[in-house]
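Spelled out from the first residue to the last, the chains are:
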Amino acid sequence: GNWGSTIAIMLGRNAAQHERCATRVDMWVHEELVDGRNLTDIINHDHENVKYLPGHAIPDNVVAVPDLRKAAEGATLLVFVLPHQFLPRLLPQLTGVVHPSCRGVSLIKGLDFDETARRPTLISRSIASSFGPGFRCGVLMGANIAGEVADGEPCEATLASRFGDPLDERTRRLFHTPTFGVRHVDDVAGAEACGALKNVVALGAGFVDGLGWGGNTKAAILRVGLGEMVRFCQLFFDGVEEATFFQSCGIADLITTCYNGRNRACAEAFAREQSDHIDCHKKWVDIETRLLNGQKIQGTLSAKEAYAALESVGKLHDFPLFRTIYEIAFDGKPVSSIISGISAEQSKL
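Residues numbered from 1 in each chain as written. Predicted model: local features only at pLDDT ≥ 70, side-chain atom pairs only at ≥ 80, totals over all residues. Heavy atoms only, no water.

Topic: the overall build of the protein chain
Here's step 1: Tallying secondary structure elements over the protein chain gives 15 helices and 13 strands in all.
Here's step 2: Here the protein chain has a C-alpha radius of gyration of 20 Å; the compact-globule value for 349 residues is 20 Å, and the two agree.
Here's step 3: The buried share of the protein chain, reckoned over its 349 residues, is 54%.
Here's step 4: In the protein chain, 72% of the contacts between residues at least 6 apart in sequence involve partners at least 24 apart.
Here's step 5: Between the mean site of the 35 positive side-chain charges and the mean site of the 42 negative ones, the protein chain shows a separation of 2 Å. (Helix = DSSP H or I, 4+ residues; strand = E, 2+ residues; numbered from the N terminus. Rg over C-alpha atoms; globule rule 2.2 N^0.38 Å. Buried < 20%, exposed > 50% of the residue type's maximum accessible area, 1.4 Å probe, protein only. Contact = heavy atoms within 4.5 Å. Lys, Arg positive; Asp, Glu negative; His and termini not counted. Charge placed at Lys NZ, Arg CZ, Asp CG, Glu CD.)

Some details on helix 12 (residues 280–291)
Here's step 1: Compared with the 16 Å implied by 1.5 Å per residue over twelve residues, the 16 Å span of helix 12 between its first and last C-alpha is a close match.
Here's step 2: When helix 12 is considered as a whole, its buried residues turn out to be Cys 280, Lys 283, Trp 284, Ile 287 and Glu 288. For helix 12, the angular spread of the buried residues around the axis is 135°, confining them to a single face. Set apart from the buried face of helix 12 by more than 90 degrees, the exposed residues are His 281, Lys 282 and Thr 289.
Here's step 3: Those residues of helix 12 that are buried are in contact with helix 8 (188–211), helix 11 (262–273), helix 13 (299–312) and helix 14 (320–330).
Here's step 4: The N-capping residue of helix 12, defined by a side-chain oxygen 3.2 Å from the backbone nitrogen of His 281, is Asp 279. (Expected span 1.5 Å × (residues − 1). Arc of directions from axis to C-beta. Polar contact = N/O pair within 3.5 Å; in protein donor to acceptor, adjacent residues only side chain to side chain.)

Some thoughts on the side chain of Lys 218
Here's step 1: As for its placement among the helices and strands, Lys 218 is situated in helix 9 (residues 215–236).
Here's step 2: Taking relative accessible area as the criterion, Lys 218 reaches 5% and is therefore assigned buried.
Here's step 3: Discounting chain neighbours no more than four positions away, the residues touching Lys 218 are Ala 205, Val 208, Asp 209, Cys 258, Tyr 259 and Arg 264.

A look at the sheet that holds strand 8 (residues 103–106)
Sheet strands pair via backbone hydrogen bonds, and the direction of the pair is either parallel or antiparallel.
Here's step 1: The five strands are arranged 7-8-11-12-13 in an open sheet whose pairing can be described as mixed. Two strands in the sheet have a free side with no partner beyond their single neighbour: strand 7 (77–80) and strand 13 (180–185). Along the sheet, successive strands turn relative to each other by an average axial angle of 20°, direction set aside.
Here's step 2: Of the strand pairs in this sheet, strand 12 (residues 155–160) and strand 13 are connected by six bridges, and their pairing is parallel. Following the sheet pairing, Leu 159 is matched in strand 13 by His 184. (Pairing = 2+ DSSP bridges. Axes fitted to C-alpha atoms, helices over the stretch in contact; angles between N-to-C directions.)

Re the packing of aromatic side chains
Aromatic rings in a pair are described by how distant their centres are and how their planes are angled relative to each other.
Here's step 1: What the rule picks out here adds up to ten aromatic pairs.
Here's step 2: Considering the side-chain rings of Phe 232 and Phe 236, the 4.7 Å spacing of their centres and the 50° angle between planes classify their relative orientation as tilted. Linking Phe 232 with Phe 236, this pair stays in helix 9, spanning four residues, or about one helical turn. As far as the burial class goes, Phe 232 and Phe 236 line up, both buried.
Here's step 3: For the pair Tyr 326 and Phe 330, a centre-to-centre distance of 5.2 Å together with 45° between the ring planes defines the contact as tilted. (Phe/Tyr/Trp six-rings, centres within 6.5 Å; stacked < 30°, edge-to-face > 60°.)

Here's the deal with the nonpolar core
Here's step 1: Counting residues in hydrophobic clusters, the biggest one holds 59 residues, and the most contacted among them are Phe 207, Phe 232, Phe 237, Trp 284 and Phe 322.
Here's step 2: Once you skip the residues sitting within four places of it in the chain, Phe 207 turns out to touch Ala 267, Glu 268, Phe 270, Ala 271, Trp 284, Ile 325, Ile 328, Ala 329, Val 335 and Ile 338.
Here's step 3: Within the second largest apolar cluster, 19 residues are counted, among which are Leu 82, Leu 87, Ile 123 and Cys 137. (Core = buried A, V, L, I, M, F, W, Y, C linked by side-chain atoms within 4.5 Å.)

Here's the deal with the packing of helix 13 against helix 14
Packed helices, taken two at a time, are described by their axes: the angle between them and the distance between them.
Here's step 1: Where helix 13 contacts helix 14, the two axes come as close as 10 Å, and the packing angle between them is 125°. When the axes of helix 13 and helix 14 are compared, the pair comes out oblique. The two elements helix 13 and helix 14 meet at a crossing, and its hand is left-handed. Contact residues: Thr 300, Ala 303, Lys 304, Tyr 307 and Leu 310 in helix 13; Phe 322, Arg 323, Tyr 326 and Phe 330 in helix 14. (Parallel < 35°, antiparallel > 145°, perpendicular 65-115°, else oblique. Left-handed = near helix turned anticlockwise from the far one by under 90°.)

Quick word on the pattern of salt bridges
Oppositely charged side chains can form a pair if their charged atoms are brought close together.
Here's step 1: Evaluated as defined, the whole model comprises 18 salt bridges.
Here's step 2: Here Lys 198 and Asp 253 are joined by a salt bridge, their closest N and O atoms 3.6 Å apart. Highlighted residues: Lys 198 in helix 8 and Asp 253 in helix 10 (residues 248–260), separated in sequence by 55 residues.
Here's step 3: Residue class for Lys 198 comes out buried when judged on its relative accessible area of 5%.
Here's step 4: Residue Asp 253 is classed as buried on the basis of its relative accessible area, which comes to 1%.
Here's step 5: Asp 318 is the partner of Lys 315 in a salt bridge, and the nearest nitrogen-oxygen pair spans 3.9 Å.
Here's step 6: By relative accessible area, which is 32% here, Lys 315 ends up partly exposed.
Here's step 7: Among the charged side chains, a network of salt bridges with common partners joins Asp 209, Lys 218, Arg 264, Glu 268 and Arg 272. (Salt bridge = Lys/Arg side-chain N within 4 Å of Asp/Glu carboxyl O.)

If you want it as structure tokens, here you go:
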């Protein structure tokens, strides 16, 4: 997609400059036809992802590979940039392919849910466990709209990892550029959970936009949403640091997503088109197909996972905004009831 292609551009440029890196960067691309040509052929010959990131040159040393195992063969670093619902069928294909010292960085903004334990699971941990003992996976999260990053507009991101010295710094330098400032933190759980939960709040922001309400209401959604993000992280994950929420992966990503992201845009469309007896699931699929050019909504899946996690521990009443967003998105509750997610929180003050 556009974010994967944007990251590949930065990795390609940095790999060509850092003496410790192999020059070639293999990028696995799901093969599809664009105007009668394979997308991988277009990327490798025209050096542009014309479908997902048109108008941006991809370095010659970034090679699109349609075979996942070939793309990952012998890799010492895997960067995961794809909708997280695709991981279960893809991860088994990587068994025994990568270098023994390989580590990972996930840019996936979502959560898994362990049906047996009835608890949320970090995707980075799911990735690491699929490779076995010794594989470590960090995350890169932040306020990053792909097109703006690709255009070179100044922004920042947060790398959360526990690879140890010197690998944390070497990994940070692979992503860092003069216009894409990357800071390192140790709090993988906090950074990753923020990346998933902000998409849930963005649905609420989109509902507000669809209702035609203004910035005051959206600001309340962001305030309450941030508070529920903090409490959710502290409820389910150990070692979460409060300072993480003030990094790019926290409040900055929340603000950007609630004003410019795809989840907000799709939720706005949902709000404008909601009617009685609507099939919510079909409506989300229809909106995704019409608006996202083959990309995926992540907020709806994260909303389901957050709701299931809170329900499993009997805590839904403590998260009125998350609960209300889920009920609007999937139970057919009126979009205007989003205000109850704010007022319920206020009644506790």
